[in-house]
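# Structural description and commentary
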Amino acid sequence: MSKTLLLKNALLVATMDDAGREIADGAVLVRGNEIAAVGRADEICSVADEVIDLAGHVVIPGLVNTHHHFFQTLTRALPGAQDAELFGWLTRLYPVWTGITPEMMRVSNLTAMAELLASGCTTSSDHLYLYPNGSRLEDSIDAAREIGIRFHACRGAMTLGESQGGLPPDRLTEREDFVLADMQRVVETHHDASRLAMLRVALAPCSPFTVTNDLMREAARMARHYGVRLHTHLAENDNDVAYTREHYGCTPTQYCEQLGWLGDDVWHAHCVKLDDHGIARFAATGTGVAHCPTSNMRLASGIAPVRRMMDRGVRVGLGVDGSASNDSGGLLAEARQAMLLQRVGLGPAAMTAREALRLATRGGAAVLGRDDIGAIAPGLAADAPPRASLVMVNGRVLVRGGSFVHFDESAHAARHNRLSLALAGAAR
């Protein structure tokens, strides 16, 4: 029989369910890895294998992060990249990233995942688009399994190097035949389509300025064959849009449509410069957007038209993005940034706190194509979270009293810092 866990006496349970219920003096009963019941404390049976008293706490669904680059925790706040826009920032960091080893990849991933969990994030995607020195997607997958986060691993790629008119150095690119073969391998080996799955795989060629049209088309065909999702960067800043127009003779949305990259199985990161036509096409096709407000501000990319997207019915979730363009890794803070940034551009009514929380929960779940996370309701995954006091993923408590239960933060931080210094030193 499945173990039961009762969260009781919460000041408030913000369910984010279809009715938007907020239950004062609330309780949540968990059976195994599923939510069994939600209601007032006096309505929920108190007999359980374990009881956690949450008096004075607000219970929210586990937050959902729809865009990240975990490896970038190694190059947070690196000198020379702090005051650049996207293309200058990338060209400064590409040479450094060539030195990343599989150990660095795994340790940096654990660091990013720990930061997310501590902020109340229980589900995260990660867009891994470079594989230097024998690194593989399994470095990320193994880290997720170790720490316990629900994970959407995106097999990214860069195949269009400088010699072919792309932005990255050739030594950071891969052959397209190898990329496609490895995409097939990781999907067949790791993707779990079942309900409440802890690991799913998406296909994610990096961006219009790092991959060819052929790879975009073939990745789309493969994703639809296997029933997995597609992810890439799009319309992040003015230079990004100019590159698409110059090299492909179209807008970012037209580029996507020509290559089969619109649909309810696709989500794009950033979309800061998505125009009215693009917003309309995204809404009509169910295409999702990962909004990354802090990164967009850090790189001076602009203010994404999230209010207009939401009003038109575009699926929008939140993304922390990589630490090299965020300086942090907390998703709850990202929800606040999303609210503030829309207000800066459009006034105090542009986004409410509840709308921001919805982007971080139900919005992110929809963008990742999941109807089993993002709310506190019977039958959904038991994922419940500045630093979270209690974080539960799939029915397992990972953070209690603000501290990790199964993860030595201090020892890991020391290891991460050692590898980060080694990587920076090797790039000098």
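Residues numbered from 1 in each chain as written. Predicted model: local features only at pLDDT ≥ 70, side-chain atom pairs only at ≥ 80, totals over all residues. Heavy atoms only, no water.

### Here we look at unusual backbone geometry
A positive phi angle, close to 50°, is found at Ala-235, a residue other than glycine. Looking at the secondary structure, you find Ala-235 in the loop between β10 (229-234) and α6 (238-248). What makes Ala-235 buried here is its relative accessible area of 1%. Positive phi is not limited to glycine here, since His-270 has a value of about 85°. In this fold, His-270 is placed in strand β11 (residues 266-270). (Helix = DSSP H or I, 4+ residues; strand = E, 2+ residues; numbered from the N terminus. Buried < 20%, exposed > 50% of the residue type's maximum accessible area, 1.4 Å probe, protein only.)

### A look at the sheet that holds strand β16 (residues 403-404)
With respect to topology, three strands assemble into an open sheet ordered β14-β15-β16, the strand pairing being antiparallel. Of all the strands in the sheet, the pair left with one neighbour each is β14 (390-393) and β16. For β14 and strand β15 (residues 396-400), the ladder comprises four bridges, and the chain directions are antiparallel. Following the sheet pairing, Val-393 is matched in β15 by Arg-396. (Pairing = 2+ DSSP bridges.)

### Describing the packing of aromatic side chains
A full pass over the atoms with the stated rule returns ten aromatic pairs. Here Phe-71 and Tyr-129 contribute two aromatic rings whose centre-to-centre distance is 5.7 Å and whose plane-to-plane angle is 80°, an arrangement assigned as edge-to-face. Within this pair, whereas Phe-71 is found in the loop between β6 (63-65) and α1 (86-97), its partner Tyr-129 is found in the loop between β7 (121-128) and α3 (137-147), the two being separated by 58 residues in sequence. Looking at Phe-71, the relative accessible area reads 1%, which means it is buried. (Phe/Tyr/Trp six-rings, centres within 6.5 Å; stacked < 30°, edge-to-face > 60°.)

### What to know about the pairing of strand β12 (residues 288-291)
On any regular strand, side chains alternate: one points to one face of the sheet, the next to the other face. Burial along β12 is two-sided: Gly-288 and Ala-290 facing one way and Val-289 and His-291 facing the other are all buried. Here three bridges tie β11 to β12, and the two strands are oriented parallel to one another. Following the sheet pairing, Ala-269 is matched in β12 by Ala-290. Looking at chain direction, β12 and strand β13 (residues 315-318) are connected through four bridges and run parallel. If you follow Val-289 over to β13, its bridge partner there is Val-316.

Nothing here speaks to function; it is all geometry.
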